[in-house]
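# Reading the structure
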Amino acid sequence: MLLRVVLSLLSFLSPALEAAPAAKRATVCNGHAELCTRSYGNTTFMGSHDSAFFSSDPLALARDQEVDIPTQLGLGVRLLQAQAHLNDGVIHFCHTSCALFDGGTVLAYLQTVKTWLDANPNEVLTLLFTNPEGLSLPDVWAPAFTQSGIAALAYVPPQNPMPQSVWPTLGSMIDAGTRVVVFLDAGADGSDGGVVDYILPEFTMIWETPFDSTDASFPCSVNRIDGTPADHMYMINHFLDINVFGTGLLLSDPEAAGTTNGVASILADAHGCVPLSQGNRLPNFVLMDFVNLGQGMEAVNQLNGFS
């Protein structure tokens, strides 16, 4: 009798089981099928330094980009970096101060990013933000992520810090719907008013080379880190500044950007850092000014093994 009931139940459920769609798996990730099976911690991404501070006006001296966020992403940028400050009680992306260059609210920025993510479902994106005022994660930062919809797409690692060698593959992150990785340079450890599980402390997982370089050869050294390079990903700050009239005022150099963002310069910088990785690893992130100039994506493709 029991067997007859079980068989009857299976017969009833069979059409529904057959009709259930198979779990969708990403077959192309960040533009390449090969990257679907590659670890996030073993992939190189093109980054936009001061991504929110864009202008086509050559007299806008505080700009570090010439094209807007959707255009940057369309060029292949997969790491967006920007600095945030409070402006009349609202968190904005501002370059050093909101009086110098106000890139708008963090919420509006994230909404723009979310629109792009919705239109590009097979892309893994990293957000790396600077928090010089130590603004609270749960009270100031998190609401913008929640209201924009980015929080629902954010990756929460099973451990914190997350060693470079144990990050999941891009394909698995896309399949899980957690394809945005968020880092903050200060305060994500809870020292500035609480933690948010998807806003990760940068320097326990990523080390950086020196920034604001005025040397076009980009000599490599471990500049900012919490811990040791062995278990960290790393980022090369590959943008060139000029020292205005020797005053110590540093401004980005758009005239040199075509060369700075050229394949030869980026590859030389990347390979020069390999011995410091303590694993003969190429950089995970190449951070650039004026991403619309030069051949940044071509260089990053070569670093990922694509010609």
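Description of the structure in this document. (Residues numbered from 1 in each chain as written. Predicted model: local features only at pLDDT ≥ 70, side-chain atom pairs only at ≥ 80, totals over all residues. Heavy atoms only, no water.)

### So, the side chain of Ser252
As for its position among the elements, Ser252 is in strand E11 (residues 250–252). Looking at Ser252, its side chain comes within polar contact range of the main-chain oxygen of Arg63, at 3.2 Å. Contacts of Ser252, omitting those with residues within four sequence positions, involve Arg63, Asp64, Leu240, Asp241, Ile242, Asp289 and Phe290. (Helix = DSSP H or I, 4+ residues; strand = E, 2+ residues; numbered from the N terminus. Polar contact = N/O pair within 3.5 Å; in protein donor to acceptor, adjacent residues only side chain to side chain. Contact = heavy atoms within 4.5 Å.)

### A few points about the packing of aromatic side chains
Following the criterion strictly, the structure yields 14 aromatic pairs and no others. Taken together, a centroid distance of 5.2 Å and an interplanar angle of 40 degrees make the contact between Tyr40 and Phe45 tilted. No difference in accessibility class separates Tyr40 from Phe45, as the two residues are buried. Seen in terms of ring centroids, Phe93 and Phe129 are 4.8 Å apart; in terms of plane orientation they differ by 55 degrees. Their pairing is tilted. Of this pair, Phe93 sits in strand E3 (residues 90–94) while Phe129 sits in strand E5 (residues 125–130), and the two are 36 residues apart along the sequence. (Phe/Tyr/Trp six-rings, centres within 6.5 Å; stacked < 30°, edge-to-face > 60°. Buried < 20%, exposed > 50% of the residue type's maximum accessible area, 1.4 Å probe, protein only.)

### Re the environment of Thr37
For Thr37, the location among the structural elements is in the loop between helix H1 (2–19) and strand E1 (45–48). Using a relative accessible area of 68% as the deciding quantity, one classes Thr37 as exposed. Taking the C-alpha atoms as reference points, Thr37 and Pro168, separated by 131 residues in sequence, lie 8.9 Å from one another. From its side chain, Thr37 meets the backbone oxygen of Glu34 in a polar contact 3.4 Å long.

### So, the packing of helix H3 (residues 106–119) against helix H4 (residues 137–148)
Where H3 meets H4, the closest approach of the two axes is 9 Å, and the angle between their N-to-C directions is 35 degrees. The element H3 and its partner H4 pack so that their crossing is right-handed. Counted together, Val106, Leu107, Leu110, Gln111 and Lys114 of H3 and Trp141, Ala144, Phe145, Gln147 and Ser148 of H4 form the full contact between these two elements. Split by residue class, the contact of H3 with H4 holds 6 nonpolar, 3 polar and 1 charged. (Axes fitted to C-alpha atoms, helices over the stretch in contact; angles between N-to-C directions. Left-handed = near helix turned anticlockwise from the far one by under 90°. Nonpolar A, V, L, I, M, F, W, Y, C, P; charged D, E, K, R; others polar.)

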